[in-house]
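Below, each chain spelled out in residue letters.
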Amino acid sequence: MKKIAILATNGFEESELKSPKEAMEKEGFKVDIVSLEKGEIKGWADGNWSNSYTVDKTLNEVRAEDYKALVLPGGVINPDLLRREETALSFVRDFFKLKKPVAAICHAPWTLISAGVVEGRKMTSFNSIKDDLVNAGANWVDQEVVVDEGFVTSRNPDDLPAFNSKLIEEIKEGKHEMQHA
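What you see is a predicted model; the values in this text were computed from it and never measured.

What counts, and where the lines are drawn
Residues numbered from 1 in each chain as written. Predicted model: local features only at pLDDT ≥ 70, side-chain atom pairs only at ≥ 80, totals over all residues. Heavy atoms only, no water. Axes fitted to C-alpha atoms, helices over the stretch in contact; angles between N-to-C directions. Helix = DSSP H or I, 4+ residues; strand = E, 2+ residues; numbered from the N terminus. Parallel < 35°, antiparallel > 145°, perpendicular 65-115°, else oblique. Left-handed = near helix turned anticlockwise from the far one by under 90°. Contact = heavy atoms within 4.5 Å. Nonpolar A, V, L, I, M, F, W, Y, C, P; charged D, E, K, R; others polar. Phe/Tyr/Trp six-rings, centres within 6.5 Å; stacked < 30°, edge-to-face > 60°. Buried < 20%, exposed > 50% of the residue type's maximum accessible area, 1.4 Å probe, protein only.

A.B. asks: Tell me about the packing of helix α1 (residues 14–26) against helix α6 (residues 160–173), and please be specific about residues and values.
C.D. replies: In the contact formed by α1 and α6, the axes pass within 10 Å of each other and the chain directions differ by 45°. Between α1 and α6, the crossing angle belongs to the class labelled oblique. Judged by the twist between their axes, the crossing of α1 over α6 is right-handed. Contacts between α1 and α6 involve Ser15, Glu16, Ser19, Pro20, Ala23 and Met24 from the former and Leu160, Phe163, Asn164, Leu167, Ile168 and Ile171 from the latter. Here the residues of the contact of α1 with α6 sort into eight nonpolar, three polar and one charged.

So this is what it looks like as structure tokens:
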């Protein structure tokens, strides 16, 4: 069974965690919500706090080797909190080192910028962080989904059908020898 990690903390955009998680579970994948602390994390939807989700594993309990792929939901608060945590950045970097698929949507690339893994990569994001990505060396494009050697990015919740489809395709393909940071 393919195990997938979703890295998130409080303030994730709820649809960007819930929709990919459900799509991957429908494919028969085991999906763990990985976070900074045990317990629950609270989502964000329509400008307000929304539902809570149970954390399956904390960052100090997992390694990238345990998973086939990594998914990073957006929201504004979530990636801004994660990018300040070296354990989160190290976990992210390890997926790139191991050449495993990584998928990020909306504001999630903020975490990837801090992890130092976007330079030279073709990607997209929520349009307000385009400059951040360009300044970090990414080749930013405005498309609903971008795939660069196992690295999947999308702009916002409207792109979730395309994001989920490409994410699942990349997971099924497995390691990408050209995946790099």
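Past the structure itself, the notes keep going.
A.B. asks: Requested: an account of the packing of aromatic side chains, with residues and values cited.
C.D. replies: For the structure on display, the rule yields five aromatic pairs. The interplanar angle of 75° and the centroid separation of 5.5 Å between the aromatic rings of Phe12 and Tyr53 together place this pair among those described as edge-to-face. Here Phe12 is found in strand β2 (residues 12–13), whereas its partner Tyr53 is found in strand β5 (residues 48–54), with 41 residues between them in sequence. Side by side, Phe12 and Tyr53 carry an identical accessibility label, which is buried.

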